[in-house]
Amino acid sequence: MAADLAVDLAARLPSLLERTDPATASGWRDHPPRMGFFTDTTVCIGCKACEVACKEWNHVPEDGLELTGMSYDNTVGLGADSWRHVAFIEQPRRPARDPGTEATCAAASGVADAGIRWLMASDVCKHCTHAACLDVCPTGALFRTELGTVVVQEDVCNGCGYCVSACPYGVIDVRRGDGRAWKCTLCYDRISVGDEPACAKTCPTDSIQFGPLDELRERADRRLAQLHAAGVGDARLYGRDPDDGVGGDGAFFLLLDEPEVYGLPPDPVVTTRDLPEMWARAGVAAVALAGSVALSFLASTAGRQR
Amino acid sequence: MAECHPVGFQWVMEAKARGATVIHVDPRFTRTSAVADIHVPLRAGTDIAFLGGLINYVLANGRYFHDYVVAYTNGPTLIGESFEDTEDLDGVFSGLDVEKRRYDPASWQYENAEMPSPAAEAPAAEGNAHQLSVATAGRGESHGSGGAQVPPEPERDETMTHPRCAFQIVKRHYSRYTPEMVEQVCGVPKDLFLKVAETITSSSGRERTTAFCYAVGWTQHTVGVQYVRAAALLQLLLGNIGRPGGGILALRGHSSIQGSTDIPTLYNLLPGYIPMPHANQDENLEKFVEATATAKGYWADMRSYVVSLLKAWWGPAATAENDFCFDYLPRLTGDHSTYATVTAQLDGTCKGYLIAGENPAVGSANAKMQRLGMANLDWLVVRDFSLIESATWWKDGPEIESGELETADIKTEVFFFPAAAHTEKNGSFTNTQRMLQWHHAAVEPAGQARSELWFYYHLGRLIRERLAGSTDEMDRPLLDLTWDYPTEGPLAEPDAGAVLAEINGWDSDKEPLSSYGQLEDDGSTACGCWIYCGVFADGVNQAARRKPGGEQSWVAPEWGWAWPANRRIIYNRASADPDGRPWSERKAYVWWDEKSARWTGHDVPDFPPSTSPRYRPPEGARGAEALSGIDPAVMQGDGKFWLYVPTGIQDGPLPTHYEPQDSPFPNLLYGIQRNPVRQLVSRRHNRYHPSPSAPGSEVFPYAVTTYRLTEHHTAGGMSRWQPYLAELQPEMFCEVSPELAEERGLEHLGWATIITARGVIEARVLVTERIPPLRFPGRTVHQIGLPYHWGPNGYTRGDAANELAAIALDPNVHIQEVKAFSADIRPGRRPRGPGRAALVEEYSRRAGITPDTGMEVTGGR
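Reading the values: the criteria
- Residues numbered from 1 in each chain as written.
- Chains lettered and ligands numbered in written order.
- Predicted model: local features only at pLDDT ≥ 70, side-chain atom pairs only at ≥ 80, totals over all residues.
- Helix = DSSP H or I, 4+ residues; strand = E, 2+ residues; numbered from the N terminus.
- Buried ≥ 20, exposed ≤ 12 C-beta atoms within 10 Å, placed from the backbone.
- Contact = placed C-beta atoms within 7 Å.
- Axes fitted to C-alpha atoms, helices over the stretch in contact; angles between N-to-C directions.
- Parallel < 35°, antiparallel > 145°, perpendicular 65-115°, else oblique.
- Left-handed = near helix turned anticlockwise from the far one by under 90°.
- Nonpolar A, V, L, I, M, F, W, Y, C, P; charged D, E, K, R; others polar.
- Domains from an automatic or database assignment.
- Pairing = 2+ DSSP bridges.
- Core = buried A, V, L, I, M, F, W, Y, C linked by C-beta atoms within 7 Å.
- pLDDT = per-residue confidence, 0-100.

**Quick look at the overall build of chain A**
Stage number 1. Broken down by element type, chain A carries nine helices and ten strands.
Stage number 2. Going through the 306 residues of chain A one by one, you find that 39% of them count as buried.
Stage number 3. Contacts in chain A between residues far apart in sequence, at least 24 positions, make up 67% of those at least 6 positions apart.

Here it is as structure tokens:
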């Protein structure tokens, strides 16, 4: 009977890898189409207007004056106080001294005439189809919106930080001196009244595009084909594939190099992917344990009876 | 452009998406280079050599747009026999007066043109205690304002084979600018240069056009005007002026710099590019008009523009009897540009200074001279958002820290007024396309902050109240002003719309005018700026129109309003061939419609609407009637675009490569090192570096260029106080190549000290491949990149790059050379206290610098 219970428990957890429409999976009925970002880094000019617009709109605090020396990137990464982050990657014009980066020297993008290449890319929360942060949140502060995005409610968050370690991208973060977890809301307040997120609105070159995810994916496929036809063999989509480890991203990217070059994990997997199996195994183990306890109990009782 | 004009750059990206090739020419690899198809790194200060190379390529290979050049430019025009080119005189033109450091342009004129240029007739401002070679009272700068005096129908050789026609002179002048020479001077490999040349020429002609964009990287040189002239010459040869997709676009450093020259904050211009009258020559309205109007084209109506302006300013007080108050206008007596003002402050002749929207203690060349000048004033007014360095130097500036100045000894009385931001006031921005876009106040300014309009209106009101009842004739110009703008709201903010209505102008019934063609010279019309006439047509603020591009034609005439007459491309007569047909269907823009016998097209034609392409003016015709059917340059006295400039420019009719004032490199093109008529101010704290061949030049071996970053704005007043911007670029830095870092022992993220004969600064080091060393035969030139945003105040602080720059100026517009100079760099932080000045002195001593160093007129290689 205990084993039956464990199997039943596993079955009742959402079968994460099968669900492709996260809003439906979260119980929304008659919801609008899933909205997302397509960030085409090939037209990013590194102006950082997205970072500033995001902070202005969402009242995200300034987080320190530190010259990092990482090219023009003084933001370093996404965090509680940086919901958009523009990465700057300088790729040298001759074989790098560090053999680890030598692979990136191949100048095939068509933007590398002088031999040097300067990649820029605006990173953001991926709003995963299977969002581990949401799965692990004990308070329900993190929730799936009707638009398919993932949002933290700051008045519910208790600052446990489970989401921080659950995120496969290292996006969500706890704010120092505040204790709660913060990240991109995909401007839930703006998009739920038909406006576009602050970053996409301000992006001068349309590197950041906002819209229904299905449309963005089609657009991205066309852009990729165009670049490949133009000989930009390095171009690739990241987070576009609904069959990847997180079921595809709600915010996906067109890159010109390996994801690692941009500080993105090459093969992200939702950290709660194995949870049902783990539950099932834990259940089996518990049943086995309970069974053996019962057996030993029965055996001992039987012995005494004997 | 992506770096400093990211919003405008969206259109470049859009053009790129539609197949345009983007070429970026810059000493460093910037955010623009990152998305450009071709990046051309060149040595800072050598763009004329590069552009000259392109001009030579176009001419040597017959790639110019022959029909366009013959019909629309002064290429066929004959130049007088007495003209001698740099080819004849090893780098200088005829007419050079070495003593006075100026040219007499009399020999540059068209054949049989007796008319002297304004530059020739203006007396030199002699007797200045300082050594500014002030050739004229700023008339060079106002060139293009008023018509240049040339014969309306000069002699021409339509075959362009006459050895003295402008085309042949241009061809000879640039024949030495070969690809090999470009490689040696600019450090641009020959193959790369040829790739650029081929791309540009194959993207120009009947079917295609090429546009040039530039910013202060071209203008801030001792030959700045000629940089832009070189681009104009090239674009004319390629037929890229007056046509869609062509042109030369000046990218402005602020959102309404174009507006501030249209309705000028310049000392030598009146609104609409009417020159400021000169004290000695322009005694009355008639003489002024005579000297500035042309016989041909729209400057012929100068009197209407001036009289209407005077009527706008002085209303009923301006009558035919009193010359419409022409005598109320100020008069030029000499150079009163910004750097002449600084030297006048140091000399004690300039007593008061009003700074609005500028931060000269950080943003102007030789920041120390700026501060010392201000320390010698009676009063100083600063209007800004923040307590910028120009407002606080007297208590915490570098000279206080070093002990060179003591607060208690400074007699300057300093007033600070907080300023409103553009979001807090109504008004217009005029962009580089001459397009006015209205903005509306979103909130009231906080605290005591007020708009510029509020400040000047109420200042004028208070002064007039103080003067009321005065019988002193000197006060009449102020008391007679029409100073009656309605005010609104709790702050008594003047109605900006009422100001725009006055700029637009009205007739004698106070009905708004709709075009400058309606302006009269008899006082029956008033107009505050003739080129803006029509911006308030039908009593509607046309600048406030915001019809989306998708809902109108591709020219989008209903978005904002562009001067003149809402034309989006000026001189667009040139978009059609001499017969009035589009050069190609693909590039059709305006054309002659035979049926209606009128010019028509996608834009407002920039031509007399019913002048047929076959029209030839009768002898003695005036104004628009004197324009032949093939005279697209409607503002030029001869109706043609100028390859060769016979009058109006101080430093020669053709752009010529000269090295920057402080250059580690000899001029390889001529026997003369620098622009012979550059403006210099050799005085204590503003000494120059030795010529490259002179002993001591090795003390400053590196080339420096200064620039902006996307994250900050100019001298920082609008950005360094903003936490969200400060955190993105939190510290002053210098950019050096790995090779230079190795040569000088500089460490990434360590400190560097940079020294010139003017000053010393420190900066964090960014070692980057983006600022490559340039390899020349026999030597390598290292360049140092310096953003110029920082100063000692604000949320993010640092040393100002302009402590290093010299006051060395272009002779036409008095702009400072801060885009290319020389310096030394070494690891570590700069000295504190008195050691700071001592280090500069030690370097100067070592380089053997005297008041005469770098002052050579000719030679100096």
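Text resumes after the structure shown.
**Regarding the packing of helix α3 (residues 47–60) of chain B against helix α11 (residues 224–237) of chain B**
All names here are of chain B.
Stage number 1. The interhelical angle for the contact between α3 and α11, taken along N-to-C directions, is 15°, at an axis separation of 9 Å. Our classification of the angle between α3 and α11 gives roughly parallel. Judged by the sense of rotation from one axis to the other, the crossing of α3 with α11 is left-handed. Seen from α3, the contacting residues are Asp-47, Ile-48, Leu-51, Gly-52, Leu-54, Ile-55 and Val-58; seen from α11, they are Gln-226, Tyr-227, Ala-230, Ala-231, Leu-233, Leu-234 and Leu-237.
Stage number 2. Residue composition of the contact of α3 with α11, grouped by class: eleven nonpolar, two polar and one charged.

**Side note on the domain arrangement of chain B**
Residues and elements named next belong to chain B.
Stage number 1. When its domains are assigned, chain B resolves into domain 1 (9–75 + 168–202 + 210–254), domain 2 (255–331 + 435–568) and domain 3 (679–846).
Stage number 2. Elements supplying a minimum of two residues to the side of domain 1 that touches domain 3: α10 (216–219) and α11.
Stage number 3. Grouping the constituent residues of the side of domain 1 that touches domain 3 by class yields seven nonpolar, ten polar and three charged.

**Notes on the pairing of strand β10 (residues 251–255) of chain A**
Residues and elements named next belong to chain A.
Stage number 1. Taking burial as the measure, the five residues of β10 include five buried ones, the bulk of the element.
Stage number 2. A two-sided burial pattern is seen for β10, the buried positions comprising Ala-251, Phe-253 and Leu-255 on one face and Phe-252 and Leu-254 on the other.
Stage number 3. Relative to β10, strand β1 (residues 35–40) runs parallel, the two sharing four bridges. Looking at β10, one finds that Phe-38 is bridged to Phe-252.
Stage number 4. Bridging between strand β9 (residues 236–238) and β10 involves three bridges; their strand directions are antiparallel. Across the sheet, Leu-237 pairs through a bridge with Leu-254, a residue of β10.

**Some remarks on helix α8 (residues 179–186) of chain B**
In an α-helix, one turn spans 3.6 residues, which is why side chains three or four residues apart end up on the same side.
Residues and elements named next belong to chain B.
Stage number 1. Of all the positions in α8, only Pro-179, Val-182, Glu-183, Val-185 and Cys-186 are classed as buried.
Stage number 2. Packed against the buried residues of α8 are α3 and α9 (190–202).
Stage number 3. Looking one or two places after α8, you find Gly-187, whose phi comes out positive at around 80°.

**Re the sheet that holds β1(A)**
All names here are of chain A.
Stage number 1. Read from one edge of the open sheet, four strands run β8-β1-β10-β9, paired in mixed fashion. Strand pairing shows two members of the sheet lacking a second neighbour, β8 (208–212) and β9, which therefore form its edges. Ignoring strand direction, the axes of neighbouring strands in this sheet form an average angle of 20°.

**Here's the deal with the sheet that holds strand β12 (residues 427–430) of chain B**
Stage number 1. Judged by pairing direction, the sheet is antiparallel, and its three strands sit side by side in the order β12-β13-β16 (chain B) without closing on themselves. With one partner strand each, in any of the chains shown, β12 and β16 (561–562) of chain B form the two edges of the open sheet.

**Digging into the interface of chain A and chain B**
A common measure of how large an interface is: the accessible area buried when the components associate.
Stage number 1. Across the contact, 30 residues belong to chain A and 34 residues belong to chain B.
Stage number 2. Sorting the residues of the side of chain A that touches chain B by element identifies α3 (49–58) and β3 (117–124) of chain A as the ones contributing at least two each.
Stage number 3. Counting residues per element, the side of chain A that touches chain B draws most heavily on α3(A), which supplies five residues.
Stage number 4. Of the residues belonging to the side of chain A that touches chain B, the class tally is 14 nonpolar, six polar and ten charged.

**Here's the deal with the nonpolar core**
Stage number 1. Formed by 132 residues in total, the largest nonpolar core has its most connected members in B:Ile55, B:Leu234, B:Leu237 and B:Leu310.
Stage number 2. When we break this core down by domain, the ones giving at least three residues each are domain 1 (9–75 + 168–202 + 210–254) and domain 2 (255–331 + 435–568) of chain B.
Stage number 3. Ignoring sequence-local partners within four residues, the contact set of B:Ile55 consists of B:Tyr174, B:Tyr177, B:Leu233, B:Leu234 and B:Leu237.
Stage number 4. Membership of the second largest hydrophobic core comes to 84 residues, among which are A:Phe37, A:Met120, B:Met1 and B:Phe29.

**What to know about the confidence of the model for chain B**
Residues and elements named next belong to chain B.
Stage number 1. Scored by pLDDT, chain B has a mean of 94; 96% of the residues are at 70 or more.
Stage number 2. Below pLDDT 50 for its whole length, residues 115–136 participates in 58 contacts with residues either more than four positions away or in separate chains.
Stage number 3. Model confidence for the complex: the whole-complex pTM is 0.92, and ipTM, which rates the interface, is 0.92.

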